[in-house]
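So the chains spell out like this:
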Amino acid sequence: MRKLFLILVGFALVACSTPFGELSDIADVPGVEPGKGKNNYNEYTTYKGAVLPYEDFQADSRANMIALLKLINEQEGEIDDAGFLQKLDEYIFSCQQRFMYIHDPEPYEDEPTDYWSDARDWDGGTMCHSLAMYGDYSFVLRYHPPCAFISEEAYIRELGYEGWSERGVWHYDAENDMLYTSEDMKYAAKVLYFDGECAILEGFVYPMWLYNGSNYRRSTPMELYRFEFVEGKDEYLNGYEISYEEYMALVDEYHEKFEMFEGKDMPYNGAAAQEKMRECIALLDKQQAEDIDDEAFVEMLTTMRLNVEDRFGTSSDLDYWGWGIYTLYENFKEVSFNGDMFAYEDGSYVTKRSIYKRNDYYEAAVAANCLGWHCRGAWSYDAENNRLTMTRDDVVYDVVILYYDIASRELVLRGKSDFVLDVGYEDEIYRCKFYDDVSANYLDGYVSYEEFVEFWNGLQ
């Protein structure tokens, strides 16, 4: 009879341990249940009703969560509440591991409704946070700017800030080992393990809550964290003293200084176009109007070719500055956005409109020695106001010299001119340069507008 009893006990022990197999070390952890797979019980083992991370796809995550559950199983006796509070007072409470319980009422095929997921397997944002908790039951949380703020971050770092901080309140219920990190007690986490070096908490610790709202398909009933106590609490806020609102004000300050001009955004054509405009407007502060050498300007204007290197334009209905290389014009398609001019001493000038090289008919036009059309008008210069006026077909164009350097032959003009194609801007800024390559064949390949239209129609 005794022998039969021992055999029955042996069967009972096997029955208890077999469902867990290699996970027998966490069999006694409250909430752990064996899987119901036919061949591999471990694969579907659950904690608090959710499947552990998949071994096939999240081997490291699964191993880390199992190790965390094993640690919970090693807790001896009650949590040392006084020791826990002392650690919070002396060190940074830093989350090192985070597992989220995901409840998905509409799971993908062959996936469970409830499963645990490692924060490291998610992309975007900061998944693990650290808190500095103080004796007055306040805490501070640091935030780093997102990767989209690369340029702004570099600018703000030069001002002495690495990011921003947020403040909150906390309290600890020693009787129930509960840590609350929000005033409304919504963020509540139970301390399951504490050994003086690390702590394991279950629930929610601010601001870590993956799905917090009613518009998500999935929800997060709880999370599981492993915290460590990290040195450096006295320096924790260095570089993070400002609030989110103050940090964003510096972001706006950066945009106004480097990505905006006179309340409008820099060109959308990319970093190169924005840098060109920054270089151009930087010249505006280098010279006063009375310092412009008017005689030298007029001499260059009548002996050299004035070329537009970069052109920026805007209108009252636009919230940005435009920049371009070519534009679509009438039925000619791509025509050069910029231009040049040559002024004669008799008060006349000539300017050209060129077919851009990306135009479908560019090669055919070059072969026919017809590169575009020219325009002629009259010019005058008001030295008192540094104003160059051009008149053509009863239309008056005015630009003001804002910068002029004799040595480099560079100048910046602002207004409306006739030496570029009119694309409808109300206000324009031109970064120009004088070239001494003007010759008798300046207009070779350029005909009157009427002749060009006739030529172009013949290409169609």
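Here the structure is a predicted model, which is why all the values come from computation and not from measurement.

Reading guide: rules and limits
Sequence order as written defines the numbering, with residues in each chain counted from 1. Predicted model: local features are reported for residues with pLDDT of at least 70 only, side-chain atom pairs are reported and counted for 80 or more only, and whole-chain, interface and lining totals are derived from all residues. With hydrogens and water stripped out, all remaining heavy atoms of the structure feed into the side-chain values. Every helix listed is a DSSP run of H or I at least four residues long, and every strand listed is a run of E at least two residues long, numbered separately from the N terminus. Our radius of gyration looks at C-alpha atoms and nothing else; its globule reference is 2.2 Å times the residue count to the power 0.38. Each residue's exposure class comes from its accessible area (1.4 Å probe, protein chains only) as a fraction of the maximum for that residue type: buried when under 20%, exposed when over 50%, partly exposed otherwise. By definition, residues are in contact when any of their heavy atoms lie within 4.5 Å. In summary, the charge assignment counts Lys and Arg as positive and Asp and Glu as negative, without counting His or the chain termini. A single reference atom marks each charge: NZ on Lys, CZ on Arg, CG on Asp, CD on Glu. An expected span of 1.5 Å times one less than the residue number is assigned to each helix. For this quantity, the arc is that covered by the directions from the helix axis to the C-beta atoms. Aromatic rings from Phe, Tyr and Trp, with only the six-membered ring used for Trp, were paired whenever their centres fell within 6.5 Å, and each pair was classed as stacked if the ring planes differed by under 30 degrees, edge-to-face if by over 60, and tilted otherwise. Note on geometry: a ring has a charge over it if NZ (lysine) or CZ (arginine) is within 6 Å of the ring centre and within 35 degrees of the ring normal. For the purposes of this section, nonpolar cores are sets of buried Ala, Val, Leu, Ile, Met, Phe, Trp, Tyr and Cys residues that join through side-chain atoms within 4.5 Å. Note on patches: the residues involved have over 30% relative accessible area and no salt bridge, like charges join within 9 Å, and the nonpolar side chains Val, Leu, Ile, Met, Phe, Trp and Tyr join within 5 Å. The accessible surface values rely on the Shrake-Rupley method and a 1.4 Å probe; as for residues, cover is taken only from the protein chains in view. In the sections that follow, a salt bridge refers to a side-chain nitrogen of Lys or Arg positioned within 4 Å of a carboxyl oxygen of Asp or Glu.

**As for the overall build of the protein**
In terms of regular secondary structure, the protein is built from nine helices and 27 strands. In summary, the protein has a C-alpha radius of gyration of 37 Å against a globular reference of 23 Å for 460 residues, an excess of more than 25%. Overall size of the protein, expressed as C-alpha extent along the three principal axes, is 130 × 55 × 35 Å. By the burial criterion, 47% of the 460 residues in the protein qualify as buried. Put simply, of all contacts in the protein between residues at least 6 apart along the chain, 62% involve residues at least 24 apart. Of the side chains in the protein, 39 bear a positive and 90 a negative charge, and the two mean positions are spaced by 5 Å.

**Things to note about unusual backbone geometry**
Negative phi values dominate among residues other than glycine, just as trans dominates among peptide bonds. With an omega of 0°, the peptide bond running from Tyr206 to Pro207 counts as cis. You will see that Lys48, though not glycine, has its phi angle at about 55°, which is positive. With respect to the secondary-structure elements, Lys48 resides in the loop between β2 (46–47) and β3 (50–51).

**Re helix α5 (residues 244–259)**
With 16 residues, α5 ought to run about 22 Å at 1.5 Å a step, and its terminal C-alpha atoms sit 21 Å apart, in line with that. Those residues of α5 lying buried are Tyr247, Leu250, Val251 and Tyr254. Mapping the buried residues of α5 onto a view down its axis gives an arc of 105°, with all of them on the same face. Every exposed residue of α5 that faces more than 90 degrees away from the buried side is listed here: Glu245 and Glu256. For α5, the elements touching its buried residues are α4 (150–158) and β8 (164–169).

**Looking at the packing of aromatic side chains**
Under the definition given, this model contains 43 aromatic pairs. Consider the rings of Trp373 and Phe452, whose centres lie 5.1 Å apart with planes at 40°: the pair is tilted. Placement of the pair is Trp373 in strand β22 (residues 372–382) and Phe452 in helix α9 (residues 449–459), with a sequence separation of 79 residues. A single burial state applies to Trp373 and to Phe452, both of which are buried. Here the aromatic residues Tyr329, Phe332, Tyr361, Trp373, Tyr449, Phe452, Phe455 and Trp456 are joined through ring pairs into a cluster of three or more. When the ring centre of Tyr240 is taken as reference, the NZ or CZ atom of Arg142 above it lies at 4.5 Å.

**Quick notes on the environment of Glu33**
Relative to the elements of secondary structure, Glu33 occurs in strand β1 (residues 32–33). In the structure, Glu33 is positioned 319 residues away from Lys352 in sequence and 83 Å away in space, judged by C-alpha atoms.

**What to know about the nonpolar core**
In terms of nonpolar packing, the biggest core is built from 37 residues, with Phe84, Phe93 and Leu201 touching the most fellow members. Of all the elements, α5 adds the most residues to this core, at four residues. Each residue touching Leu201, except ones within four places of it in the same chain, is listed here: Phe93, Leu179, Ala189, Lys190, Val191, Glu223, Leu224, Tyr225 and Phe227.

**So, a negative patch on the surface**
A surface patch of negative charge is lined by Glu74, Glu76, Asp195 and Glu197. Tracing the backbone shows Glu76 in the loop between α2 (59–73) and α3 (81–90). We classify Glu76 as exposed; its relative accessible area is 70%.

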